[in-house]
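# Working through the structure, step by step
Spelled out, the chains give:
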Amino acid sequence: MGDRVSKPGIDTYVRQEQPPALFAEAEVYEEEINNLTATIIRQEAELVETRIELNKRVRSLQFFQNLNKRILTAKSHREIYQVVVRSLVEIGFDKAIIVRRSEESYGVVAHHGYTSSAIEKRQLSSTLFQLIEQHGELLVNGENRESVNYSYEDDLEVRFFIAASFTFRQESERPHILLAGNMAETTLRRSRLTRVDLQIMQTLAQQIGVAVENAFVYEQLEQSERKYRLLYEQSVEGLFQITPDGRILSANPAMAGMLGYDSVDVLIGMSNNGGMQSILYQEEFARFARIMTEMGSIIGYEVELLRKDAKPIWGSVTARCVFDDEGRPICFEGAIVDITAQKTARQLDIEKTAAEKANRTKSEFLANMSHEIRTPMNGVLGMTTLLMDTSLDSNQRHYVGAIRQSSESLLKIINDILDFSKIEAGRIRLEIVEFDLRALLDDVIDLMETRIDPSTVLFTCLAEPEVPDLVRGDPVRLRQVLLNLAVNAVKFTTRGSIRITVALEGDADEQYLRFSVKDTGPGIPLDKQKILFESFTQVDSSLTRAVEGTGLGLAISRQLVELMDGEIGVISAPGEGAEFWFRLGLLPCRNETAELEIAKAFSHVPVLVAERDHVSRSYLSRQFRAWGAVVEEAEDMAGFRHLLDSGRTRNVQHQLIVMDERFSDPVGGSGPVPVSCCRIVLHSGAEIHRLAIQPAGKNLVYLARPIRYTSLKKGALCLLRGGELEDLQRCIIGEARQVWGYSNTWAGRARVLVVEDNIINQQVVVGMLKRLGCVHIDAVSNGLEAVQNLRRFSYNIVFMDISMPVMDGLEATRRIRALQTEDKGGALPIIALTAHAMTGDRERCLEAGMSDVITKPMQPETLAATLERWLLPEAGAQVAANIGDWEPVNGGEIAKRNDNHVVFDLERLTKRLLGDEKNSRRIAEYFQNEVEHQIDEIGAALAAGELEEVSRLVHRLKGSSGNVQAEQLFELMKVMHQAATDNNLDQLSVLLTKARAHCPVLVAAIRDQLGQ
């Protein structure tokens, strides 16, 4: 072939052959051609990109169309989330996820392309999501990947992604973020992410927000529909729709059941087939339809329903009428409540109310008649007393005695009926006050010990150590119940024991007091126990029964206990005695000062208790231990001697010995009880003249049985403070010497009887006497009780009210003087207490046999002078000079004040009680609770035209108001008493109105000064 020779190119030839100008023009053409070619290539590339974007948008449109179809089939917002993330993976993304912010963290709500255990346990990058939430969107591709300085690849398993945030109304405070991405920037399924993809993601996020909001609405509607459908189906009310002609359109199961049908379909089928007129009887439905058409609605329309089996059933209908556009009724719809039971109950209540009204009328009649009978009965008793003072032979005296005894029994029956009828008539009101429970039990002992023969019956009245001293309740009614049960026990117990106990029961959340009265009587058969608390019933109803009575005592007790929100019962068996018990929820009160005083006095004090009766011994031991003492017990003389001897051997000195009187001088051993040892000797009472507690020598105090808590505590405390006789007398008798400045040990030896029916006046007199040093004071409420007490006990002085029920003071005094004549005893001082200031009143008292007269309101210096005048004649009236600077307030002084009367003066009341603030507050509180009731009693007597009763009640209130320093009421009662004496009914009515208007002012003043 040979070597190939190269030839010059055309360009070279042309350039060689052509001139330079032509060459330059060719170069220009060549550059233009190159630019045109580059433009064409660029345009072709842009066209490709446009086609790609267009294809993306077409695919996006298709994607959104398909997505919308899938979203529409979703049943909840959670399904919508799953549809979105699954769809994103289907169009080419490796991973898709939706997260929700909760406080400072983000949690996964939906995902696809992950394993659930992998993504749901990771701590997602809060910083990245906060950035997306802040800007609303984020695109990460090859151009900006290196500028994103957040670590997210390991958590999200993508490098390149698009994301957008969205919110919706239901969770506006918790933004959501939709994110989709891949590990590679381009894949076979997806091209490089661009702004178009981001725009598509934003649109998708907005669509999710709208779809989820709609889903929430649909879900709420569906829940509401299910809820109301469930309410409709399960409603206890009968729901219905019914046409104006009576055809039932719809009803719920309750409606069908109410009308006696097994199902709604059967009910509606019967209605449509003409099997029944309607839900109501024909005439009733016609009336119902007319009311509905005219009124448009009805509420609580009571009507008898038409039931399938014709069984009577009543319903209360509430319904409305549905009208069309022209005002014609379409249907009635509403609800029916079955009120058959209420209708029956209302009818029974009407009948019960009528029966109760008849019963109250009967009780009021009994109350009024019982009261009316008491007046002539008092006359019978008084006349028989006077008849006994005349010259009678033995037969006549026997007959008159039988009349008097029968009259007294009849009066007791009348009093029981009066109490019972008052309760039945609703006239009993509880007076809730704070009171000393143990002091009340001591009062029960004082009232019961005169009824019991201590030689045959052992009587105790004790409260367990854990029982609080102070409680809130009605002490008057509580005392009445205890006395009723105790008297009942005395009737049936001739030998053995009667024990009253109080115990605390329950837990920390609910505590109550259990009162028990247990006797060793004959017991009660089980079949008789069911009727014990019924009115006018007795266990032994035979004509030969040994115990008389009305059979009302236990019925009254039951009603009072129930009135105090308690319960009462009995435990008994024939031959085993009986235990009557009741429980009350009395509220405990604290007295921290007294508790600290006791704890300080008895802490670790060695105490020896020597007592034969195991109940009393156990009580004494537990009580001293509760006070903080160290206690040893002895049940017989041998044990007592042993403990005394062992104490000497152990060099242990018992600081206090509480012993049975039979142990007071133990024989044998190493010697008697040391004189230096403090001793409390328990006596039967006869040897110490019925005093509850009495100093008897150095380190020695006598304590009367039954054991009284207050006497036990006072005796022990006084012994531990100082054992000299003078110290004991000062401690036990009180602070009278400190108040008055003169020796009054004579008062501590005196036994005083106070006869006063007004409880306020009684408390004032007793309070004054105690402050004057009187240790043992008995108080009774009428002259008959005074005579009975004087038959059994000896008194040094008697303070006798004049106006009293049952037997007044004048009659009682004559009878007492007759008894003294028979006994040929010395003249007993009987001091009249009277609010009468009329001429001749003093002379009438003296003529009846009284020794002296004190006018009420009583002043303490007058009482003190009277005591010394009659107990220590040589002292005369010098005591008035020793009273100090006390300022008396008497009726005359009050009368001089005119318009300056005070409503109530607690300070003056305290002064009248010689500084006894505790007692003055107690009396004021009692008066506050009683005054309105006493005014109501005056009004009832005035309405009944019983002027004599009005006079007595006004006289009583005048005395008590003067004693408690209620000066304006005292003056008002003075005028009212004069009006009653003058039989001035008009003036009495006016004054009663004034008294009632003044009552709330007085009560408010008392409450204010008591700090209530």
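What counts and how
Residues numbered from 1 in each chain as written. Predicted model: local features only at pLDDT ≥ 70, side-chain atom pairs only at ≥ 80, totals over all residues. Heavy atoms only, no water. UniProt positions renumbered as here; feature names shortened; annotations may be inferred. Helix = DSSP H or I, 4+ residues; strand = E, 2+ residues; numbered from the N terminus. Buried < 20%, exposed > 50% of the residue type's maximum accessible area, 1.4 Å probe, protein only. Contact = heavy atoms within 4.5 Å. Areas by Shrake-Rupley, 256 points an atom, 1.4 Å probe, with all protein chains shown as cover. Axes fitted to C-alpha atoms, helices over the stretch in contact; angles between N-to-C directions. Parallel < 35°, antiparallel > 145°, perpendicular 65-115°, else oblique. Left-handed = near helix turned anticlockwise from the far one by under 90°. Nonpolar A, V, L, I, M, F, W, Y, C, P; charged D, E, K, R; others polar. Phe/Tyr/Trp six-rings, centres within 6.5 Å; stacked < 30°, edge-to-face > 60°. Patch = residues over 30% accessible without salt bridge, like charges linked within 9 Å, V, L, I, M, F, W, Y side chains within 5 Å. Salt bridge = Lys/Arg side-chain N within 4 Å of Asp/Glu carboxyl O. Lys, Arg positive; Asp, Glu negative; His and termini not counted. Charge placed at Lys NZ, Arg CZ, Asp CG, Glu CD. Pairing = 2+ DSSP bridges. Core = buried A, V, L, I, M, F, W, Y, C linked by side-chain atoms within 4.5 Å. Domains from an automatic or database assignment. Expected span 1.5 Å × (residues − 1). Disulfide = S-S within 2.5 Å.

Looking up the protein in an unreviewed UniProt entry gives the name Sensory/regulatory protein RpfC, with the organism given as Desulfopila aestuarii DSM 18488. As its UniProt record puts it under Catalytic activity (unreviewed entry), the protein is described as follows: "ATP + protein L-histidine = ADP + protein N-phospho-L-histidine." Of the comments in the UniProt record for the protein, the one headed Subunit (unreviewed entry) reads "At low DSF concentrations, interacts with RpfF."

## Some points on the overall build of the protein
When helices and strands are tallied, the protein shows 34 helices and 29 strands. Per-residue burial for the protein yields a buried fraction of 47% across its 1012 residues. Of the contacts formed within the protein by residues at least 6 apart in sequence, a portion of 64% connects residues at least 24 apart. For the protein, the computed accessible surface area is about 51600 Å², with 51% contributed by carbon and sulfur atoms.

## Overview of the packing of helix α17 (residues 592-602) against helix α20 (residues 709-721)
α20 packs onto α17 with a crossing angle of 50° between their chain directions and a minimal axis gap of 11 Å. When the axes of α17 and α20 are compared, the pair comes out oblique. Every pair of crossing elements has a handedness; the one defined by α17 and α20 is left-handed. Counted together, Glu597, Ile598, Ala601 and Phe602 of α17 and Lys713, Ala716, Leu717, Leu720 and Arg721 of α20 form the full contact between these two elements. Each residue belonging to the contact of α17 with α20 can be placed in one class, and the counts come to 6 nonpolar, no polar and 3 charged.

## Regarding the UniProt feature "modified residue: Phosphohistidine" (unreviewed entry) in the protein
The UniProt record annotates "modified residue: Phosphohistidine" (unreviewed entry) at His955. The topology assignment puts His955 in helix α32 (residues 947-963).

## Notes on the packing of aromatic side chains
What the rule picks out here adds up to 10 aromatic pairs. Each ring, one from Tyr106 and one from Phe129, has its centre 5.3 Å from the other, and the planes form 45°; the classification is tilted. With Tyr106 in strand β2 (residues 105-112) and Phe129 in helix α5 (residues 126-135), this pair connects stretches of sequence that are 23 residues apart. The class for Tyr106 is buried, based on a relative accessible area of 9%.

## Let's talk about a positive patch on the surface
Where like charges cluster on the molecular surface, the positive patch consists of Lys714, Lys770, Lys918 and Arg922. The topology assignment puts Arg922 in helix α31 (residues 917-943). Its relative accessible area of 44% is what places Arg922 among the partly exposed residues.

## Re the sheet that holds strand β6 (residues 238-242)
The strand order across the open sheet formed by 5 strands is β7-β6-β10-β9-β8, and the pairing between neighbours is antiparallel. Each edge of the sheet is formed by a strand with only one pairing partner; in this case those strands are β7 (248-251) and β8 (297-304). Ignoring strand direction, the axes of neighbouring strands in this sheet form an average angle of 25°. Here strand β9 (residues 314-323) runs beside strand β10 (residues 329-338); their pairing, made up of 9 bridges, is antiparallel. Of the residues in β10, the one forming a bridge with Ala319 is Gly334. Each of β6, β8, β9 and β10 is contacted by helix α10 (residues 282-295), which is oriented at about 170° to β8, the strand it contacts most.

## Looking at the pairing of strand β27 (residues 797-801)
Extensive coverage of β27 is indicated by the burial of 5 of its 5 residues. Because side chains alternate across β27, one face comprises the buried residues Ile797, Phe799 and Asp801, and the other comprises Val798 and Met800, equally buried. The pairing of strand β25 (residues 751-755) with β27 spans 4 bridges and is parallel. Each residue of the ladder has a partner; that of Val752, found in β27, is Ile797.

## As for the sheet that holds strand β29 (residues 852-855)
If you trace the 5 strands from one edge of the open sheet to the other, you get β26-β25-β27-β28-β29, paired in parallel fashion. In this open sheet, the two strands that pair with only one neighbour each are β26 (776-780) and β29. Averaged over all neighbouring strand pairs, the angle between strand axes comes to 20°, with direction disregarded. Here 4 bridges tie strand β28 (residues 830-834) to β29, and the two strands are oriented parallel to one another. Paired with Ala832 across the strands is Val853, a residue of β29. Most of the contacts of helix α24 (residues 759-771) go to β26, to which it runs at about 170°, and overall it touches β25, β26, β27 and β28. Contacting β25, β26 and β27, helix α25 (residues 783-792) runs over the sheet at an angle of about 160° to β25.

## Describing the pairing of β10
Relative to β10, β6 runs antiparallel, the two being bridged by 5 bridges. Looking at β10, one finds that Gly238 is bridged to Ile336. Following β9, the chain reverses through 5 residues before pairing antiparallel with β10; Gly327 in that reversal takes a positive phi of roughly 85°.

## Remarks on unusual backbone geometry
A negative phi holds for most residues other than glycine; trans holds for most peptide bonds. Even without being a glycine, Glu157 presents a positive backbone phi close to 65°. Checked against the element boundaries, Glu157 lands in the loop between α6 (153-156) and β4 (160-166). Of the residues examined, Glu157 reaches a relative accessible area of 23% and is grouped as partly exposed. Unlike most non-glycine residues, Ala310 shows phi in positive territory, near 65°. Positionally, Ala310 belongs in the loop between β8 and β9. Accessibility expressed as a relative area gives 52% for Ala310, which makes it exposed.

## Brief notes about the environment of Gly260
Its place among the elements puts Gly260 in the loop between α8 (253-258) and α9 (264-272). Residue classification places Gly260 among the partly exposed residues on the basis of a relative accessible area of 25%. Through-space distance from the C-alpha of Gly260 to that of Leu306 is 9.3 Å; in sequence the pair is 46 residues apart.

## Concerning a negative patch on the surface
The grouping of Glu27, Glu30, Glu31 and Glu32 at the surface amounts to a negative patch. Positionally, Glu27 belongs in helix α2 (residues 20-73). Overall, Glu27 belongs to the partly exposed group, its relative accessible area being 43%.

## With respect to the pattern of salt bridges
Applying the stated rule across the entire model yields 35 salt bridges. Here Arg192 makes a salt bridge to Glu143, at a shortest N to O gap of 2.9 Å. Placement of Arg192 in the loop between β5 (176-182) and α7 (195-234) and of Glu143 in the loop between β3 (137-140) and α6 is noted, with a sequence separation of 49 residues between them. Judged by relative accessible area, which is 28%, Arg192 ranks as partly exposed. Where Arg514 meets Glu505, a salt bridge forms, and the shortest distance between an N and an O atom there is 3.9 Å. Within the structure, one salt-bridge network assembled from shared partners comprises Glu505, Arg514, Glu567, Glu579 and Arg583.

## Thoughts on the nonpolar core
Counting residues in hydrophobic clusters, the biggest one holds 58 residues, and the most contacted among them are Leu769, Phe799 and Phe927. Looking at which element gives the most residues to this core, the answer is helix α34 (residues 985-1010), with 10 residues. Each of domain 5 (751-873) and domain 6 (906-1010) accounts for three or more of the residues forming this core. Setting aside residues no more than four positions away along its own chain, Phe927 makes contact with Ile760, Leu957, Ser960, Ser961, Val964, Ala966, Leu969, Leu1002 and Ile1006. Core analysis: the second largest hydrophobic core is formed by 44 residues, Leu441, Leu478, Val481 and Leu513 among them.

## Remarks on the packing of α24 against α32
The N-to-C vectors of α24 and α32 enclose an angle of 40°; their axes lie 8 Å apart at closest approach. Here α24 is positioned oblique relative to α32, judged by the angle of their axes. Once α24 is placed against α32, the crossing between them reads as left-handed. Note on element contacts: α32 touches α24 through Arg956, Gly959, Ser960 and Asn963, opposite Ile760, Asn761 and Val764. The residue inventory of the contact of α24 with α32, partitioned by class, reads 2 nonpolar, 4 polar and 1 charged.

## Examining helix α3 (residues 77-90)
Over its 14 residues, α3 extends 20 Å from the first C-alpha to the last, a length consistent with the 20 Å expected when each residue adds 1.5 Å. Considered for burial, the residues of α3 that qualify are His77, Ile80, Tyr81, Val83, Val84, Val85, Ser87, Leu88 and Val89. Just downstream of α3 lies Gly92, where phi reads positive at about 125°.

## Topic: the state of the cysteines
Counted by the stated rule, this structure contains 0 disulfides. Of the cysteine sulfurs around Cys331, a residue in no disulfide, the closest is that of Cys321, at 7.4 Å. A relative accessible area of 6% means that Cys331 is categorised as buried. With no disulfide of its own, Cys678 lies closest to Cys677 among cysteine sulfurs, the gap being 6.3 Å.

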